[in-house]
Amino acid sequence: MDGNSSGAESESFDWNTEDELEIANFQSSNQTLHAEVSSCAGSSNSKLMDRLVAMGFSQKMVAREILENGEENEESIVNALLTYSALESSPPEQQQIDSNNCSSETEGSFLDDLSDIDSFSDNEEITNPVSDNDKFSSLMNMGYTAEEASIALERCGVDSSLAELTDFITAAQMAKAADALLPPEEPRPRNLCNTQKKRRFNDYEVLGRKKQMGSEKKILTEDDEPLRMPNPMIGFGVPTDSFTIVHRTLPEAAFGPPYFYYENVALAPKGVWNTISRFLYDVEPEFVDSKYFCAAARKRGYVHNLPIQNRFPLVPLPPNTIQEAFPLTRKWWPSWDPRIKLNCLQTCVGSAKLTERIRKAVEDCIGDPPLHVQKYVLEECRKWNLVWVGRNKVAPLEPDEVEMLLGFPKNHTRGGGISRTDRYKSLGNSFQVDTVAYHLSVLKDLFPGGINLLSLFSGIGGAEVALHCLGIPLKNVVSVEKSEVNRNIVRSWWEQTNQRGNLIDLDDVQQLNGDRLEQFMDSFGGFDLVVGGSPCNNLAGSNRHTRDGLEGKESSLFYDYFRILDLVKCIMSRN
DNA sequence: GTGATAATGACGGCGGGG
DNA sequence: CCCCGCCGTCATTATCAC
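Computed from a predicted structure; not experimentally measured.

Asks: Would you mind showing me how to read the UniProt feature "active site" (unreviewed entry) in chain A here?
Replies: With numbering matched to this structure, UniProt assigns "active site" (unreviewed entry) to Cys536. Within the secondary structure, Cys536 is located in the loop between strand E12 (529-533) and helix H21 (558-574). If near-sequence neighbours (up to four positions away) are discounted, Cys536 is found in contact with Asn264, Val265 and Ser555.

Okay, here's the thing in C-alpha cells:
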C-alpha cells in the first residue's frame, strides 16, 4: 500500500525506464521472464511485432508469444500463434482478458471515445489532430481498447511513433495481465477461469417492489455509461435507513466460493469503477458513505458477491455525531459552526500554523466573527477536520481519536516503533470497521465454525478486526501487506486478542503466485473470503501530483487483486 | 538517516438559477 | 438543458530540526 514507491522517478516521462520499473514490480518471481519483458519493452522487436500483427494476430497474442519464446525464435512464435488460432475457432483479435472492449462497439460510442481523447490532450500542444486520430484508429484496428489507446497517446505524447505507442501498451499489458494470463506452470485458456457473461446490472428488489437500476439508457452507450453515485450514498442499505435493497441478482461468473470483497475510493476518476466492476465479474459496486455508520464521512465503493439480506451492525453503535464522539468539544463549539459530521479522515492533518491563524482570526473579533471570517474558518475546519478544543482554539484529531472513529480499538496503531505521522497515514488508508463489518455480518451464519481469510493490502487489519468484532472466528488468515509497521500492528493485535487461528503474513502481493496459493489452500482447504482494498493513491482527489487513474503506479495493483482472486476461484472450482 | 511540518490545486458531483 | 459556483477529496513533495 505504501512503501512501494521507488522515489527515484523524474518529472519528465521516460516510458522505457518507467516501464521497466513497473514490470520489475509486477514480475518479481521469474527473473528470466523479467529480462525478456524488459527487452520487449524496448523497441527492438517492434518490427517483428508489427509484422505479426499485420498477419492478423492480435497484439496481445504476439506479445505473449514473444515473451514466452524470446524474440529471436520467430519460428516458434509463429507456430504457437498458428496453433492457438486453430484451437480457437474465434479470430485471433478476440482473445483478450477484457471481453468488453470497443471492438464491437457502435459508431456512437467510438465517437464518444474520440471526444474523450480530445479532452485528454487538452493540456498538451495539439500538433496534428488528424494524425492523432489516425494513430488512435490504427491502435483500435490492432485490437486495443479505446482506453489503452488513449492512455498510450496521453503518456507517450502525440508525436510518438506507432511502434512506440504499441510498445508502451504492450509493456503495460504485460505487466498487468501476464500473471493472469500466464500462470507459470499450468497453461490454460487465456480467457478467465470464469467466462464473462454478457452483463447488465441487474434489477433489484426493494422491500418487495421492483426497482430498475441503470437500464434506462439506450443500448448504444450502455457500457460506456459512467456509474452514478447513489444519493444518498447508502449502497444496498444502512442500519439507520429503511430504504433497503433486500435482493439482487449476481452475474453467474461472480458466484463463490470464495466470497470476495473489494474496496476503493468512490470518487475515482471517470471510468475507473467501470473497469473495476468489469474485471470483478461485472458485479455492480456498492457505494457507501461511512457517515451513516460513524461520525466521519468516508465515501467508498465496495464490489462483493456477499448476500445482502439480514445484515446487522456491530454493537454498541459508535457515536454518530462529532458532539457525541467528542463531548468535550461542545463547550467550545461556536453556534456558527454547523458541522455534525466530520469529513473524510485522510492521511495528513492540519498544521499548527493553521490553527494559530484561526485562533488569531477569531480572537480579534467581538462576539461572533463577521461572515467572511466565519467562512474562512469553516472552510479550513472542513478541509482539515479541525475540532474546537478551547476558547477560539481548533485542533486536528489525535491518532487515538481517529482510531475510535474508524472503529479500531484504542491504541491499535500505537507503539511498536511507529511514528505519529505514520499512524495518521496508516489510519487514513484504512477501512471504516463498522461499515465493513455490516457488509461482512452475513458471513456469521454461513460460517459458524469460522473462516479462512485471504486479506490483500491488509493495512492495519480492518477486515480482520471487523470479522473478529462480529464474532466470526478466524481460522487461517493469509495477510499480505507491504508496510512492515502495518504488519507489526496486525501481528500485535492478533496476539493481544488471543486468536486461536493461524496468521501468515506476506509482504508482496506480486510474489503471491499460483504455487504458493495452492500450497496454502491445500493445507487448510481453500479460502472462504478474499478481502482487499488496493491502493487509492492514483485515484484519490486529494492527490495533486500523480492522480493517474487505475493505471497509476500504485493503483494498478488492483490488477493483482483480480489476478489473485481469479486464481483462488480457479483452484477452488477445481477441487 | 528519521520524523514533523508546511505548502502545493485539480477535478468531478451536485444543486440552484437562468 | 446549460451554466456556474460550491463543496469535498484513503496525497505528494520539499524543507527543517534533530
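Asks: Teacher, can you tell me more about the nonpolar core here?
Replies: Generally speaking, a soluble globular protein has its nonpolar side chains buried in company with each other. Ranked by size, the top nonpolar core spans 64 residues in total, and within it Leu440, Leu467 and Leu529 carry the most contacts. Looking at which domains feed residues into this core, each of domain 2 (250-285 + 292-317 + 424-574) and domain 3 (323-398) supplies at least three. Beyond its immediate stretch of four places on either side in the chain, Leu529 contacts Pro258, Tyr259, Phe260, Tyr261, Leu440, Leu443, Ile451, Asn452, Leu453, Leu454 and Leu467. In terms of nonpolar packing, the next biggest core, distinct from the first, is built from 45 residues, Leu250, Tyr281, Leu506 and Met521 among them.

Asks: Mind showing me how you'd approach the protein's contact with DNA strand B here?
Replies: Surrounding DNA strand B, one finds 16 residues, the nearest of these being Ser351, Ala352, Lys353, Thr421 and Gly541. Backbone atoms, meaning sugar and phosphate, form 46% of the atoms of DNA strand B found within 4 Å of the protein. A distance of 3.5 Å is found between a phosphate oxygen of DNA strand B and a side-chain nitrogen or oxygen belonging to Arg228. Interatomic distance of 2.4 Å between a side-chain N/O atom of Thr421 and a phosphate oxygen of DNA strand B.

Asks: Which parts of the structure should I look at to understand the environment of Val377?
Replies: Note on placement: Val377 falls in helix H13 (residues 371-384). Along the backbone, Val377 and Ala361 are 16 residues apart, and their C-alpha atoms lie at a distance of 8.2 Å.

Asks: What should I look at first to understand the packing of aromatic side chains in this one?
Replies: Aromatic ring pairs are described here by two measures, namely the spacing of the ring centres and the angle between the planes. Scanning the model with the defined rule gives 16 aromatic pairs in all. Plain terms: the ring middles of Tyr262 and Tyr561 are 5.1 Å apart, the flat faces sit at 50° to each other, and that makes the pair tilted. Of this pair, Tyr262 sits in strand E4 (residues 259-265) while Tyr561 sits in helix H21, and the two are 299 residues apart along the sequence. This pair shows no difference in class: Tyr262 is buried, exactly as Tyr561 is. Pairing Phe279 with Phe562 gives two aromatic rings, centres 5.1 Å apart and planes at 80°, and the pair type is edge-to-face. Placement of Phe279 in helix H10 (residues 272-279) and of Phe562 in helix H21 is noted, with a sequence separation of 283 residues between them. Both residues of the pair, Phe279 and Phe562, belong to the buried class. Among the aromatic residues, those joined into a cluster by ring pairs are Phe260, Tyr262, Trp273, Phe279, Tyr281, Phe287, Phe558, Tyr559, Tyr561 and Phe562. When the ring centre of Tyr281 is taken as origin, the NZ or CZ atom of Lys569, which lies over that ring, is 4.4 Å away.

Asks: Teacher, can you tell me more about the packing of helix H20 (residues 514-524) against H21 here?
Replies: When two helices pack together, you describe them by how their axes are tilted relative to each other and by the distance separating the axes. Where H20 contacts H21, the two axes come as close as 10 Å, and the packing angle between them is 50°. Taken as axis vectors, H20 and H21 run oblique relative to one another. Here H20 and H21 pass one another in a crossing that is right-handed. Contacts between H20 and H21 pair Gly514, Leu517, Glu518 and Met521 from the former with Ile564, Leu567, Val568, Ile571, Met572 and Arg574 from the latter.

Asks: Looking at this structure, how should I read the pattern of salt bridges?
Replies: When charged atoms on two side chains of opposite charge get close, those side chains can pair. In total, this model carries 14 salt bridges according to the counting rule given. Here Arg423 makes a salt bridge to Glu403, at a shortest N to O gap of 2.9 Å. Note that Arg423 is positioned in helix H15 (residues 420-428) and Glu403 in helix H14 (residues 399-406), a separation of 20 residues in sequence. By relative accessible area, Arg423 is classed as buried at 10%. Judged by its relative accessible area of 0%, Glu403 is buried. Taking the shortest distance from any N to any O, the salt bridge between Arg491 and Asp505 comes out at 3.5 Å. Residue Arg491 is found in helix H19 (residues 484-496), and its partner Asp505 is found in strand E11 (residues 502-506); the two are separated by 14 residues along the sequence. On the basis of relative accessibility, which here comes to 27%, the residue Arg491 falls in the partly exposed class. Residue Asp505 is classed as partly exposed on the basis of its relative accessible area of 29%.

Asks: I would appreciate a short explanation of the environment of Leu345 in the present structure.
Replies: In this fold, Leu345 is placed in the loop between helix H11 (322-325) and helix H12 (352-363). Remark: the alpha-carbon pair of Leu345 and Tyr424, spanning 79 residues in sequence, is separated by 9.0 Å. With sequence-adjacent residues up to four places away left out, Leu345 is seen in contact with Ala296, Ala297, Arg298, Asn385, Leu397, Val402, Leu405, Leu406 and Gly428.

Asks: I would appreciate a short explanation of the protein's contact with DNA strand C in the present structure.
Replies: Around DNA strand C, the structure places 24 residues, and the nearest of them are Val265, Arg300, Thr347, Cys536 and Ser542. Among all atoms of DNA strand C positioned within 4 Å of the protein, those belonging to sugar or phosphate total 64%. A distance of 3.0 Å separates a phosphate oxygen of DNA strand C from a polar side-chain atom of Asn537. One nitrogen or oxygen atom from the main chain of Gly541 is found 3.1 Å from a base oxygen belonging to DNA strand C.

Asks: What exactly am I supposed to notice about H12 here?
Replies: Helix length check: H12 (twelve residues) gives 16 Å between terminal C-alpha atoms against 16 Å at 1.5 Å per residue, within 8%. Of all the positions in H12, only Leu354, Thr355, Ile358 and Val362 are classed as buried. For H12, the arc enclosing every buried residue in end-on projection is 95°, short of the 170-degree limit, so these residues lie on one face. With respect to the buried face of H12, the exposed residues turned more than 90 degrees away are Ala352 and Lys353. For H12, the secondary structure elements touched by its buried residues are H13, strand E7 (387-390) and strand E8 (393-395).

Thresholds, definitions, all that
- Residues numbered from 1 in each chain as written.
- Chains lettered and ligands numbered in written order.
- Predicted model: local features only at pLDDT ≥ 70, side-chain atom pairs only at ≥ 80, totals over all residues.
- Heavy atoms only, no water.
- UniProt positions renumbered as here; feature names shortened; annotations may be inferred.
- Helix = DSSP H or I, 4+ residues; strand = E, 2+ residues; numbered from the N terminus.
- Contact = heavy atoms within 4.5 Å.
- Core = buried A, V, L, I, M, F, W, Y, C linked by side-chain atoms within 4.5 Å.
- Buried < 20%, exposed > 50% of the residue type's maximum accessible area, 1.4 Å probe, protein only.
- Domains from an automatic or database assignment.
- Near = heavy atom within 4 Å.
- Polar contact = N/O pair within 3.5 Å; in protein donor to acceptor, adjacent residues only side chain to side chain.
- Phe/Tyr/Trp six-rings, centres within 6.5 Å; stacked < 30°, edge-to-face > 60°.
- Lys NZ or Arg CZ within 6 Å of the ring centre and 35° of its normal.
- Axes fitted to C-alpha atoms, helices over the stretch in contact; angles between N-to-C directions.
- Parallel < 35°, antiparallel > 145°, perpendicular 65-115°, else oblique.
- Left-handed = near helix turned anticlockwise from the far one by under 90°.
- Salt bridge = Lys/Arg side-chain N within 4 Å of Asp/Glu carboxyl O.
- Expected span 1.5 Å × (residues − 1).
- Arc of directions from axis to C-beta.

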